[in-house]
Amino acid sequence: MTQGEPKRVAILGSTGSIGGSTLDVVRQWPDRFDVRALAAGGNWESLLAQVIEFRPRIVALRDAGAARALREALSVADAVSSPPPVLEGEEGLREIAGGDGLDLVVNGLVGSLGLLPTLAALESGASVAIANKETLVMAGEPVMAAASRSRGELFPLDSELSAIHQCLRGNPEKAVRRVILTASGGPFRLRSGPDLASVTPEEALAHPTWNMGPKVTVDCATMMNKGLEVIETHFYFDIPFDRIETVVHPQSLVHSMVEFVDQSVMAQISAPDMCLPIQYAMTYPERLPSGVRSLDLVATGSLTFEKPDLERFPCLRLARDAGRTGGTAPAVLNAANEIAVEAFLAREIRFDQIPGVIEHCLERCVGHPEPTLENFLSADGFTREEARRAVRDLRSRAHARGTAS
Ligand code: MG
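Please read all numbers here as calculations on a predicted model, not as lab measurements.

Parameters and conventions
- Residues numbered from 1 in each chain as written.
- Predicted model: local features only at pLDDT ≥ 70, side-chain atom pairs only at ≥ 80, totals over all residues.
- Heavy atoms only, no water.
- Donors = N, O, S within 2.8 Å, 3.2 Å for Na, K, Ca; no water.
- Buried < 20%, exposed > 50% of the residue type's maximum accessible area, 1.4 Å probe, protein only.
- Helix = DSSP H or I, 4+ residues; strand = E, 2+ residues; numbered from the N terminus.
- Salt bridge = Lys/Arg side-chain N within 4 Å of Asp/Glu carboxyl O.
- Disulfide = S-S within 2.5 Å.
- Phe/Tyr/Trp six-rings, centres within 6.5 Å; stacked < 30°, edge-to-face > 60°.
- Pairing = 2+ DSSP bridges.
- Axes fitted to C-alpha atoms, helices over the stretch in contact; angles between N-to-C directions.
- Contact = heavy atoms within 4.5 Å.
- Parallel < 35°, antiparallel > 145°, perpendicular 65-115°, else oblique.
- Left-handed = near helix turned anticlockwise from the far one by under 90°.
- Polar contact = N/O pair within 3.5 Å; in protein donor to acceptor, adjacent residues only side chain to side chain.

S.K.: Before we move on, could you go through the coordination of the magnesium ion and cite the residues and values that matter?
M.R.: D158 (OD), E160 (OE) and E229 (OE) make up the full set of protein donors to the magnesium ion, lying at 2.1 Å. Mapping the donors of the magnesium ion onto the primary sequence yields the spacing D-x1-E-x68-E. No difference in accessibility class separates D158 from E160, as the two residues are buried.

S.K.: Before we move on, could you go through helix α11 (residues 275-283) and cite the residues and values that matter?
M.R.: Counting buried positions along α11 gives 8 out of 9 residues, so the element sits mostly inside the fold. Considered for burial, the residues of α11 that qualify are C275, P277, I278, Q279, Y280, A281, M282 and T283.

S.K.: A description of the pattern of salt bridges should follow, citing residues and the corresponding values.
M.R.: If you walk through the whole model with that rule in mind, you get 28 salt bridges. For E306, the salt bridge identified is with R189, shortest N-O distance 2.6 Å. With E306 in the loop between α12 (297-300) and α13 (314-325) and R189 in the loop between β8 (176-183) and α8 (201-204), this residue pair connects regions lying 117 residues apart in the sequence. For E306, a relative accessible area of 31% translates into the label partly exposed. Between D219 and K215 there is a salt bridge whose closest N-O contact spans 2.5 Å. Taken together, the positions of D219 and K215, both in helix α9 (residues 214-222) and 4 residues apart, correspond to about one turn of that helix.

S.K.: Give a detailed account of the state of the cysteines, specifying residues and quantitative values.
M.R.: Note on terminology: a disulfide is the covalent bond linking the sulfur atoms of two cysteines. Applying the stated criterion across every chain yields a total of 0 disulfides. Left unpaired, C275 is separated from the closest cysteine sulfur, that of C220, by 17 Å.

S.K.: Provide a residue-level description of the packing of aromatic side chains, including the pertinent values.
M.R.: Per the counting criterion, the structure on display carries 5 aromatic pairs. Look at F188 and F351: their rings are 5.3 Å apart centre to centre, the planes differ by 75 degrees, and that puts the pair in the edge-to-face class. With a gap of 163 residues between them, F188 in the loop between β8 and α8 and F351 in the loop between α14 (329-345) and α15 (354-364) connect regions that are remote in the sequence. Neither F188 nor F351 differs from the other in exposure class; each is buried. Seen in terms of ring centroids, F344 and F351 are 5.5 Å apart; in terms of plane orientation they differ by 65 degrees. Their pairing is edge-to-face. The two residues F344 and F351 agree in class, both being buried. Ring pairing ties together the aromatic residues F155, Y280 and Y284, which thus form one cluster.

S.K.: Give me the sheet that holds strand β2 (residues 33-40): which residues, what numbers.
M.R.: As a general point, the strands of a sheet are linked pairwise by backbone hydrogen bonds and lie either parallel or antiparallel. The strand order β4-β3-β2-β1-β5-β6-β7 describes an open sheet built from 7 strands, whose pairing is parallel. The sheet is open, and its two borders are formed by β4 (86-88) and β7 (154-156), each paired with just one other strand. Strand-to-strand twist across the sheet, computed as the mean angle between neighbouring axes with direction ignored, equals 20 degrees. Two elements, strand β5 (residues 104-107) and strand β6 (residues 127-130), share 4 bridges in a ladder whose sense is parallel. Considered in β6, the bridge of L104 is made with S127. In the packing of helix α5 (residues 115-123) onto the sheet, contacts are made with β1 (7-12), β5, β6 and β7, and the angle to β6 comes to roughly 150 degrees.

S.K.: Any details on the packing of helix α2 (residues 44-54) against helix α3 (residues 64-76)? Residues and values, ideally.
M.R.: Packing of α2 against α3 brings their axes to within 9 Å, and their N-to-C directions diverge by 40 degrees. Here α2 is positioned oblique relative to α3, judged by the angle of their axes. Crossing geometry of α2 relative to α3 is assigned as right-handed. Every residue of α3 that contacts α2 at W44, L47, L48 and V51 is listed here: A66, A69, L70, A73 and L74.

S.K.: Break down the side chain of S256 for me, with residues and values.
M.R.: Topologically, S256 is positioned in strand β10 (residues 254-260). Polar contacts involving the side chain of S256 include one to the main-chain amide nitrogen of T182, which spans 3.4 Å. The contacts of S256, once residues within four sequence positions are left out, are E160, A163, I164, C167, I180, L181, T182, M266, A267 and Q268.

Have a look at this one:
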């Protein structure tokens, strides 16, 4: 890309919460970005509206039925004179990500299906701005290796990792003493341990600060989200686990901190709005005005910090342990968590049973000490089966108790 030309961008997960914020940044800076490609899961109506507004050259939907519906709608849409091709399936997402002539792929997909598109984009030489934390958790080594081979760069979109990236700018790696990740604590920060058994999906989906998709919101409520970010931080910044700490910060204004060897601590503080980390990554190394609300510190009053409670929120401990074990253990943790969260949202297991399913899988699924990409993918597959078995077991035990009483 020569200077002054718009960045050619593809957005994966364009109809989700990260995709929406990314398109807001594009609307703010229309001359700087050319939306070449859009991809989503099954929401073809929203994708149709985005095609009309942003005129991508190619689009994809993971769901084949939705892709058919979009093709039909595009063929009769007056607003679109030459409709873009509509790819389908996970293959379609990969093709979009690895497409020719892209400068930047924004990966806002949820879950492990974000991995292969990330690798495809890096291999084609595009930069990747990644909100899909499962990619780094599942296969941190191969992803970071692909990033270092690639002409493109990998940027974290997680607000915490973006904060660390901002704090580290201009500082040598060896100057870092520790990283302090902040966590909102989720909606059940003040709930007693026994009360966590009765948490409903509706309660878990009402996050106090951030507006996100269901998987990420439940991860915040169990604090697995922070656990995944600890692992992400380890791989992305190459920082050992014993130098990554977490503190609960309910105001969600300090997005994370870095302490340097001289005990100086840098924090990145701003209103909680994903447009900020997204724009930071999309325009890096430039900083531009954003649509984010300016921080009123006096109105904010106080910033508070607490120690996370690992008794009530064991997912954070499980994630740290899996990270320390290394190999395929983080991939097992991630896959078991995806299945457990799905089962909780489908009312198949209780909220407080999510950590048990993950722990069961971590004990059962033998890790591979020096895994290849294939090993990571098969660990993901095996674990999903094992986690589904654990969910079925819990259901039949609950059913047996129900009929016995
Ligand atoms: Mg985050």
